[in-house]
Amino acid sequence: MLFTNAFVFRMTRAITLNEDELESALSAHQFVPCSGIRPSSFGWISPVALEQDQEDAPLQHTVAGCHLLCARREDKVVPASAVAEQVTERVSRVEQVEGRKLSTQERQNISDDAFASLLPQALPRSKQILGYLSPTDQLLVVGTSSRPEAEMFLNTLRVSLGSLPVVPPPIRSNPGDYYTRWLTTRELPDQFTLGDQCDLTDPEEGSSVTCRRQDLATLEVRNHVESGKVCTRLGLIWRGELRFVVDRDLAIKQMKFLDAAEIHDDEDPIAKLDADLSQLALTLKQMLPDLYNALGGEARFSEDDFKLSDEAGA
């Protein structure tokens, strides 16, 4: 599977860039590794180069109208213990020389200096984040379970394109109300059945119950709901084809195809990438409208709303 977790955004108006225009826009914000005292970096790399060693590979890969993108995040990791050791040594030395205790602000300045001195020697830690634009389906899908990473992907793409008119799925109702009702009545829309996990939270006391690999139709789960707990995360199965978990923010996690084909080691990596993207995009194209309709449907926007959503994210 191309990726198993996703944040989904809905385009509020058409994005009409062709492949060459998209390539040009992304190239201005290519990934540059961390160097010197630069603690982190985020930029575009080729999604094709992940499958084949191609230094000059394109920064976007288009399959059936979907533009696959890949961002790399790199952070230099400075061990807290190393910073603490330097701070202790420097504070002790200064206090002995000056014969006084340093203030909190002076200690913080020493800590900042120690971090900066260690940063050039720190080892970088990197991560690739895939995502795709589907203008036909009005979708931007970012393959991560981390909201901050999804926002970094979104913001970098917005800077690259100059404008990115997208919003989170504009569901009319509170998704948690539907999740809770489905657990109580065990009556779901025809396309869905209950999975094997959920999170339940008491909105007044703050207590929570986590169910994993459990039959959600049991009396135990129902008793929790009837005692006042609400469901904030629910495992679902769509048409017997896709297992996933959806939370109250509509993030899709732990996706798994239930009829995944066997993968052969000698399969062409680009052909496999194309097949994975096509399968995922087609599945989400069909599943997401079913899910959003089951949750009360998506709100409609006027042209003025579209302009405001774009300006707010610029």
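Look up a bit, the structure's there.
Please read these numbers as outputs of a predicted model, since none were measured by experiment.

Break down the pairing of strand S3 (residues 60–63) for me, with residues and values.
By the bridge criterion, four bridges tie S3 to strand S4 (residues 66–77) in an arrangement that is antiparallel. Bridged to Gln60 within S4 is Leu69. Between S3 and S4, which pair antiparallel in sequence order, lie two residues; one of them, Ala64, sits at a positive phi of approximately 50 degrees.

Can you tell me about the sheet that holds strand S10 (residues 230–238), naming the residues and giving the values?
The five strands are arranged S9-S8-S10-S11-S12 in an open sheet whose pairing can be described as antiparallel. Looking at which strands have only one partner, the edges of the open sheet turn out to be strand S9 (208–212) and strand S12 (252–257). For this sheet, the mean inter-axis angle between neighbouring strands, taken without regard to orientation, is 20 degrees. With four bridges joining them, strand S11 (residues 242–247) and S12 adopt antiparallel strand pairing.

Tell me about the packing of aromatic side chains, and name the residues and values.
Counted under the stated rule, the structure contains four aromatic pairs. Linked through ring pairs, Tyr178, Tyr179 and Trp182 together constitute an aromatic cluster. When the ring centre of Phe31 is taken as reference, the NZ or CZ atom of Arg72 above it lies at 5.4 Å. Sitting above the plane of the Tyr178 ring, Arg181 keeps its charged end 4.7 Å from the centroid.

Summarise the side chain of Asp247; cite the residues concerned and give the values.
Within the element layout of this structure, Asp247 appears in strand S11. A distance of 2.9 Å separates a polar side-chain atom of Asp247 from the backbone nitrogen of Asp249. Beyond its immediate chain neighbours, meaning those up to four positions away, Asp247 contacts Tyr179, Thr232, Arg233 and Lys253.

Hey, could you go over helix H4 (residues 147–161) for me, with residue numbers and the actual values?
Between its terminal C-alpha atoms H4 stretches 21 Å, which fits the 21 Å expected from 15 residues at 1.5 Å a residue. Of all the residues in H4, the buried ones are Glu149, Ala150, Phe153, Leu154, Thr156, Leu157, Arg158, Ser160 and Leu161. At the C-terminal side of H4, Gly162 shows a positive phi close to 85 degrees.

Pulling in residues and values, what's your account of helix H5 (residues 175–185)?
Among all positions in H5, only Pro175, Gly176, Tyr178, Tyr179, Thr180, Trp182 and Leu183 are buried. In this fold, the buried residues of H5 make contact with strand S8 (192–201), helix H6 (219–226), S10, S11 and helix H7 (269–294). By the N-cap criterion, in which a side-chain oxygen at the helix start approaches the backbone nitrogen of a residue two or three places on, H5 is capped by Asn174, the distance to Gly176 being 3.1 Å. Looking at the residues trailing H5, positive phi occurs at Arg186, about 60 degrees.

An account of empty space enclosed by the protein is requested, with residue identities and associated values reported.
Over the atoms rolls a probe the size of a water molecule, and in doing so it shows where empty space is left. Going through the model one piece at a time under the given rule, you end up with one cavity of 30 Å³ or more. When its volume is computed, the largest cavity comes out at roughly 40 Å³. Surrounding the largest cavity, Ile15, Leu17, Leu22, His67, Leu133 and Pro135 form its lining. Taken together, the residues that form the lining of the largest cavity break down as five nonpolar, one polar and no charged.

Here is what the cut-offs are and how they apply
Residues numbered from 1 in each chain as written. Predicted model: local features only at pLDDT ≥ 70, side-chain atom pairs only at ≥ 80, totals over all residues. Heavy atoms only, no water. Pairing = 2+ DSSP bridges. Helix = DSSP H or I, 4+ residues; strand = E, 2+ residues; numbered from the N terminus. Axes fitted to C-alpha atoms, helices over the stretch in contact; angles between N-to-C directions. Phe/Tyr/Trp six-rings, centres within 6.5 Å; stacked < 30°, edge-to-face > 60°. Lys NZ or Arg CZ within 6 Å of the ring centre and 35° of its normal. Polar contact = N/O pair within 3.5 Å; in protein donor to acceptor, adjacent residues only side chain to side chain. Contact = heavy atoms within 4.5 Å. Expected span 1.5 Å × (residues − 1). Buried < 20%, exposed > 50% of the residue type's maximum accessible area, 1.4 Å probe, protein only. 1 Å grid on protein atoms, 1.4 Å probe; cavity = no way out; pocket = protein on both sides within 12 Å on 5 of 7 lines; lining within 4 Å. Points joined across faces, edges and corners; volume = space filled by probe spheres on them. Nonpolar A, V, L, I, M, F, W, Y, C, P; charged D, E, K, R; others polar.

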